[in-house]
Amino acid sequence: MGSEMVMVDQVPFAPEITVTKPLGLLGYGVTDIEIHFLQIKYNAIGIYMEKEIIQHLADWKGKKGSELAEDDVFFDAVVSAPVEKYFRIVVIKEIKGSQYGVQLESAVRDRLAAIDKYEEEEEEALEKVTEFFQKKYFKKDSLITFHFPAASRTAEISFATEGKEEAKVKVENPNVAEMIQKWYLGGTRSVSPTTVKSLADNLGTMLAQ
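Residues numbered from 1 in each chain as written. Predicted model: local features only at pLDDT ≥ 70, side-chain atom pairs only at ≥ 80, totals over all residues. Heavy atoms only, no water.

**Q** For this particular structure, what's the right way to read the pairing of strand β9 (residues 143-148)?
**A** Across a regular strand the side chains alternate sides, sitting on one face of the sheet and then on the other. Burial analysis of β9 places 6 of its 6 residues in the buried class, the great majority of the element. Neither face of β9 is open: one carries Leu143, Thr145 and His147, the other Ile144, Phe146 and Phe148, and all of them are buried. Note: strand β6 (residues 85-91) against β9, 6 bridges, orientation antiparallel. Each residue of the ladder has a partner; that of Val90, found in β9, is Leu143. Where β9 lies against strand β10 (residues 155-160), 5 bridges are found, and the strand directions are antiparallel. (Buried < 20%, exposed > 50% of the residue type's maximum accessible area, 1.4 Å probe, protein only. Helix = DSSP H or I, 4+ residues; strand = E, 2+ residues; numbered from the N terminus. Pairing = 2+ DSSP bridges.)

Here's what the structure looks like:
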């Protein structure tokens with residue numbers, strides 16, 4: 001990858017960023033919905049990871065991106081791989097933060113409930129995340145980030161918008177942190193199919209080398 005910015009619906013993403021170590025932009029896309037044949041885009045998404053992730057995906061060597069995009073077991077392996085990950089979400093269409101928080105909450109809760117892992121601790125951790133977004137307003141170009149460290153199964157969420165100080169919240173519950181990853185990286189159940197396809201194509205290319 002060169003140093004050219006990658007444009008995702010007119011939103012620039014650097015091909016590499018450093019959080020604690022250099023992370024490559026391995027997938028990108030948008031979240032959108034279609035209303036009366038009109039595509040409304042909400043967010044542009046950039047998924048950054050350590051390129052060493054391919055060492056944890058050797059079982060899928062030789063598979064095409066189109067196959068990987070349909071393989072939820074592959075994306076489970078991406079999520080559980082012990083490498084640093086960083087999601088950068090840029091707002092395209094402004095909405096209330098509470099709307100985003102409720103979408104995230106219901107997606108995470110449903111996923112945990114489906115595997116009988118939604119207990120009191122998970123409910124409390126998720127409530128904290130929903131409250132974090134409650135009073136925010138997602139103006140165009142506001143930035144939400146999710147940082148998943150390699151060494152611990154936690155997450156740190158940040159929100160920055162013009163004229164306000166950056167706000168952060170930590171997710172200590174490993175089950176909730178994992179399902180937040182799966183909201184974006186959940187294979188066929190991801191909130192952003194375009195991001196999953198892009199990630200599958202790029203990882204497929206890296207695995208073929």
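**Q** What is the right way to look at the packing of aromatic side chains in this model?
**A** Aromatic ring pairs are described here by two measures, namely the spacing of the ring centres and the angle between the planes. Enumeration over the complete set of coordinates arrives at 13 aromatic pairs. Ring centres of Tyr100 and Phe133 lie 5.1 Å apart, and the angle between their planes is 75 degrees; on these two criteria the pair is classed as edge-to-face. Of this pair, Tyr100 sits in helix α3 (residues 97-114) while Phe133 sits in helix α4 (residues 120-134), and the two are 33 residues apart along the sequence. No difference in accessibility class separates Tyr100 from Phe133, as the two residues are buried. Grouped by ring-pair contacts, the aromatic residues Phe87, Tyr100, Phe132, Phe133, Phe138, Phe146, Phe148, Phe159, Trp183 and Tyr184 constitute a single cluster. Taking the ring centre of Phe132 as reference, the NZ or CZ of Lys136 above it sits at 4.4 Å. (Phe/Tyr/Trp six-rings, centres within 6.5 Å; stacked < 30°, edge-to-face > 60°. Lys NZ or Arg CZ within 6 Å of the ring centre and 35° of its normal.)

**Q** Teacher, can you tell me more about the pattern of salt bridges here?
**A** Pairs can form between side chains of opposite charge once their charged atoms are near each other. Evaluated as defined, the whole model comprises 10 salt bridges. One salt bridge in this structure joins Glu16 and Lys51, with 3.9 Å as the shortest N-O distance. Of this pair, Glu16 sits in strand β3 (residues 16-18) while Lys51 sits in the loop between β5 (38-49) and α1 (65-69), and the two are 35 residues apart along the sequence. Among the residues examined, Glu16 registers a relative accessible area of 44% and is labelled partly exposed. Salt-bridge contacts for Arg153 lead to Glu178; the nearest nitrogen and oxygen are separated by 3.8 Å. Residue Arg153 is found in the loop between β9 and β10, and its partner Glu178 is found in helix α5 (residues 174-185); the two are separated by 25 residues along the sequence. Since its relative accessible area comes to 22%, Glu178 is described here as partly exposed. Within this structure, Asp76, Arg153, Glu178 and Lys182 form a network of salt bridges that share partners. (Salt bridge = Lys/Arg side-chain N within 4 Å of Asp/Glu carboxyl O.)

**Q** How should the UniProt feature "coiled-coil region" (unreviewed entry) in the protein be read in this particular structure?
**A** The feature "coiled-coil region" (unreviewed entry), as annotated in UniProt, sits at residues 104-135 in this numbering. Its end C-alpha atoms 15 Å apart, residues 104-135 is made of 81% helix and 0% strand. (UniProt positions renumbered as here; feature names shortened; annotations may be inferred.)

**Q** Quick question: what am I supposed to make of the pairing of strand β4 (residues 22-35) here?
**A** In this structure, β3 lies alongside β4, joined through 3 bridges in antiparallel fashion. Residue pairing in the sheet places Ile17 in a bridge with Leu23 of β4. Here β3 hands over to β4 after 3 residues, the two strands then running antiparallel side by side. As paired elements, β4 and β5 share 11 bridges and run antiparallel to each other. Looking at β5, one finds that Glu34 is bridged to Gln39. The turn linking β4 back onto β5 is made up of 2 residues, and His36 within it adopts a positive phi angle of 45 degrees.

**Q** Help me understand a negative patch on the surface in this model?
**A** Together, Asp116, Glu119, Glu120, Glu121, Glu123, Glu124, Glu127 and Glu131 make up a region of like negative charge exposed at the surface. The class for Glu127 is partly exposed, based on a relative accessible area of 38%. (Patch = residues over 30% accessible without salt bridge, like charges linked within 9 Å, V, L, I, M, F, W, Y side chains within 5 Å. Areas by Shrake-Rupley, 256 points an atom, 1.4 Å probe, with all protein chains shown as cover. Lys, Arg positive; Asp, Glu negative; His and termini not counted. Charge placed at Lys NZ, Arg CZ, Asp CG, Glu CD.)

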